[in-house]
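Descriptive structure summary
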Amino acid sequence: MTGLLSRLTGRLFTPRWQHANPAIRSAATDQLDPEIPDQRKILETLILEDDALEVRHAALTRMQSPERLLPLLDRADGLVRERLIELLSGGQDAPSLLSREQLVERLDDSELLSAVASRGDNQQLRLTALSRLEDEEALIHQACHNTIAAVRHAAAARITSQAGLERLVRDAKRDRHVQRQARDTLAQRRADAQQADALAASRDNLLRQMEKLPRQAWEDSVPSRYRSLLREWERLPAADYEIQQRFEEARQQAHKVISDHEAREEAIRAHERLSANLNTHLEEILSAVDQAREDLYSRDCVNDHDFASLQAQRRLQGERWSELTDQFSAPAELLERQQRLQQQLQDALDAWHRHQLCQGELDAALVDNDIDQLRRLESEVAWPAGLPQTASLSAVRQAISAAQPEEPTEATQEQDALDGSPAQDAESADAPRAADGKASLDLDALDAELARLEADLDAGKLKPASRLHRSLRDRTEGQLDNARQTRLRQLGARVAELRDWQNFVAAPKREQLLEAITTLSERDDISDEQRDRQHQQLIQQWRELGDAAASRDASQAFRTASDAIKLRLRDYRESRKQLREHNLAMREALCEQLESLNGHAMDDADPDSLRQIRDRAREEWRRHTPVPAGPGRQLSHRFGEALTALQGLIDSRAGQIAAAKQALVDAVEALANEDSPARARAEQAKALQSRWREMGRAPKGEEQRLWAAFRAACDRIFAARDQDREDRDSREQARLDQWQALIERLDSWEPETLEDAALLDDALKEADTLGPLPRGKRGDGMRRRWTGILKRREQRLDELHALQLREEWQQWRDLLEQHAVADASARNGDVQDVELPNTSAFDDNSRQANAARNQMRQALPSNCSAANERLAELRVHLAILFEAPLGSEDESRRLTVQVARINQQLGERMEREEELDEVLDALLANGPLDWDAWQTELPRFDALFNH
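A brief structural summary. (Residues numbered from 1 in each chain as written. Predicted model: local features only at pLDDT ≥ 70, side-chain atom pairs only at ≥ 80, totals over all residues. Heavy atoms only, no water.)

1. Concerning the packing of helix 37 (residues 865-882) against helix 40 (residues 931-945)
Packed helix pairs are characterised by how far apart their axes lie and by the angle those axes make with each other. Stated formally: Only C-alpha atoms enter the line fits that serve as axes; for helices the fit covers just the stretch in contact. Angles between N-to-C directions range over 0 to 180 degrees. Here a helix means four or more residues in a row that DSSP labels H or I, a strand means two or more in a row labelled E, and each is numbered from the N terminus. Our angle categories are set so that under 35 degrees counts as roughly parallel, over 145 as roughly antiparallel, 65 to 115 as roughly perpendicular, and the remainder as oblique. Throughout, a contact is declared for two residues whenever any of their heavy atoms are within 4.5 Å. Note that Gly is not counted as nonpolar here; it falls among the polar residues with everything else outside the nonpolar set of Ala, Val, Leu, Ile, Met, Phe, Trp, Tyr, Cys and Pro and the charged set of Asp, Glu, Lys and Arg.
As a packed pair, helix 37 and helix 40 sit with axes 10 Å apart at the nearest point and diverge in direction by 10°. On the basis of the axis angle, helix 37 is roughly parallel to helix 40. Two secondary-structure elements touch here, helix 37 through Asn868, Leu871, Ala872, Leu874, Arg875, Leu878, Ala879 and Phe882 and helix 40 through Ala933, Trp934, Glu937, Arg940, Phe941, Leu944 and Phe945. Among the residues forming the contact of helix 37 with helix 40, the class breakdown is 11 nonpolar, one polar and three charged.

The structure is reproduced here in structure tokens:
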């Protein structure tokens, strides 16, 4: 009792939405308000957990706000999603459009958005849902199947993939605009891809040509091709970094090749200008050397600085001479003059060198007044006649003269004769000695010399002043008046004062030089090359001091330190000597090679190769330096002669090539003036261009002139070819336009009767007049279209002909049927004639056949087998004409008919229509027929005319 009560109490107090009966639970949902949180939770529980479909559906009906259903979307089944789609799409109990649009703008569920875009009650709502879609598959579905055109177009506009656009073209049957838009986009992409491919091909072609340009053989057109390729590349859009970098590297290489070639050409032009002015340059060098020699010999007294300047000038001009004679062969008279000048300078420098070697001993002998030693040293120095003396040598000679003033020895007289300078000779000429040893003075000349002596003293020129003073003193001793003697004595005092001053100034300098050369001999931190260079500089500076502040000890110490340095530099100088000998040997070998080449060069040697040999020989010659002076000068002359011979060979071969190229120029100009087809002339011009490239180069100026003439003639030929091609293209274009008009006219025409076949014949004649369509994309397309149109029009005419043939056969069939009936009636005794219908299907031959058939019927034979067999043969004849299949029982008849046709057509071949008319007339004239045979053959005849 208690359990029953408990169960009853539970049922009475359990909420209705939890009732066991689904109908009661479904009805209970009407009492639940979704705006109350607790009741909304109950509704959500029923939606998610209730087993009865009607209960869940009733609970969903109470949920009229899409925002309340969105949290349940991931936990519920498809019923919630369907209710949400219904509410968002504007179905029953849907909220306002504005709220729905705002909610759709926040959705991310692709399936929900796709459903709203398909089922929404408002176009803007659908577009809003579509704007939130990102899945291309969903967009394709909307573009193909949405019921609103604006939505379809908006969806199609967002499809960008190749596969998606292809699906639109294939599946968007509902909207031609979408199909056309997708098709246009695909076509544009294909066009863009083709343009990109063409652009890439153009870039690759330009890149290959630019990379090939530095490696190909040089032609005068290379710079213009380089600039043309550069302009074409700049006109193209910017390429990828790697492609652009490759092109830039290739451009730099090509620019370097062109720059190097232009530099070589400029060097060649400079070389040619130098060659043209060779004599002028050599004359300038010889004049400079001669001027230096005259400057030396014009001085009153020479010192180390004078000889150093002479040696520097000689070295400078010698290098200029060697540079020129290394490249060109000097004329014999200039070469002889140069050798003579070099010998004079060498004699002076050798005397100066001997003087420097004896300088210390001279100074010591002067200090000791050792006359014998002075004479020996003077003889050892062997100072050349005519060369101005140094200060120390003048002092030596004065000392010797002072030792024996009255009776000079024979040796002293000889030495004085050898040491006589131009100035002394002039003085001797101005004051000749008398036969008795007393001089007659020229007072005017003497006053001039005194004035010159005073000017030298004012200028601080000790050496010329000392020499002039000694000369005046020796020549005028005891012969001057008091005034001139006093002036000479005063000037002598000034000379002594100047000498003392220079000795005072030169003493620290000598000590400094002595210390420097001593330090240099002991240093180990410098290279041999630096040591040798500094050693030469110190010796030069020591010599420039002359005899100022000179002492035997200092000279000996300086010489000792110098010898020590020379000892340390022995290996270095030996290596330098070996290097000179090696360079001399290499230059000699180079001369031998050039001489061998000149003696054994082939007559068809390439001048460009010979030019390369010449240039490399010059480089090798310059590289092997220095060389010994004497043998080096001889080799320079020999090398110049070898180069001159090689240049002569180059000029000879270049002249031959110039003659051959002139012949090519004449040939191409004659070709340009011909009236033959431009294309053939262009091919011949290309062959001539190939021959031109195979030849070497003519002389520079001649090559440019010939190339300009050759290129101008070729340009005329190619311009004529291009003009001919343009004319041909314009003619082809005009012909294509005429073909296009003919095709369009024929395509818009449809035969209605057989008489329209004349229009097709006219079109074919016009096509024959226009000629065949040219090859090409457009021509091939037009050819395919023309063939298709002809095929369709011929098929249509065949159909019209077949229709007309069947109509005519129907008239013949009726007539034959009447004759068969008349034949049957004649056998029963009722003979009747069949009248021929007055139609266009029957002509005069048909009338004759019909009359013959009526006559046969009046004379009716007893046996119709021959007519029956003839009927079968005529059927076989028609089958052969119509190319219809035949049975095995008709094989013998086929052979009979074919033999008859051959015999009949031996004279003249008949047309198919004529033969058909004859067969029909024969069929009409064949009789009388057996009725059964006719009924048997008639269906076969009908089948043939329907074939």
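2. What about a negative patch on the surface?
Note the threshold: Residues forming no salt bridge and having over 30% relative accessible area are the ones grouped into patches, like charges within 9 Å of each other and nonpolar side chains (Val, Leu, Ile, Met, Phe, Trp, Tyr) within 5 Å. All accessible-area figures derive from a Shrake-Rupley calculation using a 1.4 Å probe, and residue coverage is judged against the displayed protein chains alone. Should a side-chain nitrogen of Lys or Arg be within 4 Å of a carboxyl oxygen of Asp or Glu, the pair is scored as a salt bridge. Two residue types count as positive, namely Lys and Arg, and two as negative, namely Asp and Glu; His and chain ends fall outside the count. All charge positions are set by atom: Lys at NZ, Arg at CZ, Asp at CG, Glu at CD.
A grouping of Asp843, Asp844, Glu911, Glu913, Glu914, Asp917 and Glu918 is seen on the molecular surface, where their side chains present a negatively charged patch. In terms of residue count, the dominant contributor to the negative patch is helix 39 (residues 912-925) (four residues).

3. Examining the packing of aromatic side chains
What counts is decided by this rule: Between the rings of Phe, Tyr and Trp (Trp by its six-membered ring), a pair exists once the centres lie within 6.5 Å; its type follows the angle of the planes, with under 30 degrees stacked, over 60 edge-to-face, and the other angles tilted. Throughout, exposure labels follow a simple rule: accessible area from a 1.4 Å probe, protein chains only, divided by the maximum for the residue type, with under 20% read as buried, over 50% as exposed, and the rest as partly exposed. Here, a charge over a ring means that NZ of Lys or CZ of Arg falls within 6 Å of the ring centre while also lying within 35 degrees of the ring normal.
What the rule picks out here adds up to nine aromatic pairs. Judged by centre distance (4.4 Å) and plane angle (20°), the rings of tryptophan 692 and phenylalanine 710 are stacked. Separated by 18 residues along the polypeptide, tryptophan 692 in helix 32 (residues 678-694) and phenylalanine 710 in helix 33 (residues 700-747) bring together distant segments of the chain. According to the relative accessible area criterion, tryptophan 692 is buried, its value standing at 6%. In this structure phenylalanine 710 comes out as buried when scored by relative accessible area, which is 1%. Counting every residue linked through ring pairs, the aromatic cluster contains Phe307, Trp352 and Trp383. Over the face of the ring belonging to tryptophan 542 we find arginine 510, whose NZ or CZ atom lies 4.7 Å from the ring centre.

4. Topic: the environment of glutamate 937
Position of glutamate 937 among the secondary structure elements: in helix 40. Between the C-alpha atom of glutamate 937 and that of arginine 875, which follows or precedes it by 62 residues, the distance is 7.9 Å. Not counting residues within four places of it along the chain, the set of residues in contact with glutamate 937 comprises Leu871, Ala872 and Arg875.

5. Remarks on the pattern of salt bridges
Taken as a whole and assessed by the stated rule, the structure comprises 36 salt bridges. Taking the shortest distance from any N to any O, the salt bridge between arginine 721 and aspartate 722 comes out at 3.3 Å. Relative accessible area serves as the criterion here: at 31%, aspartate 722 is assigned to the partly exposed category. Arginine 940 is the salt-bridge partner of glutamate 937, the closest N and O atoms lying 3.7 Å from each other. Of this pair, glutamate 937 and arginine 940 both sit in helix 40, three residues apart, which is roughly one turn of the helix. By relative accessible area, arginine 940 is classed as partly exposed at 36%. Because the salt bridges share partners, they merge into one network encompassing Glu744, Asp747, Glu750, Arg785 and Arg793.

6. Quick look at a positive patch on the surface
There is a patch of like positive charges on the surface, built from Lys173, Arg176, Arg180 and Arg183. If you trace the backbone, arginine 180 turns up in helix 13 (residues 176-212).

7. Quick notes on the nonpolar core
Put simply, the rule is: The definition of a nonpolar core used throughout is a set of buried Ala, Val, Leu, Ile, Met, Phe, Trp, Tyr and Cys residues joined through side-chain atoms within 4.5 Å.
Within the largest apolar cluster, 36 residues are counted, with the highest numbers of intra-cluster contacts made by Trp809, Leu878 and Phe882. Those elements that provide at least two residues to this core are helix 35 (777-827), helix 37, helix 39 and helix 40. In terms of residue count, helix 37 provides more of this core than any other element does, nine residues in total. The residues touching tryptophan 809, leaving out its near neighbours within four places in the chain, are Leu816, Leu920, Leu923, Leu938, Phe941, Asp942 and Phe945. The next biggest cluster of nonpolar side chains, apart from the first, holds 35 residues, and it includes Val289, Tyr297, Phe307 and Trp383.

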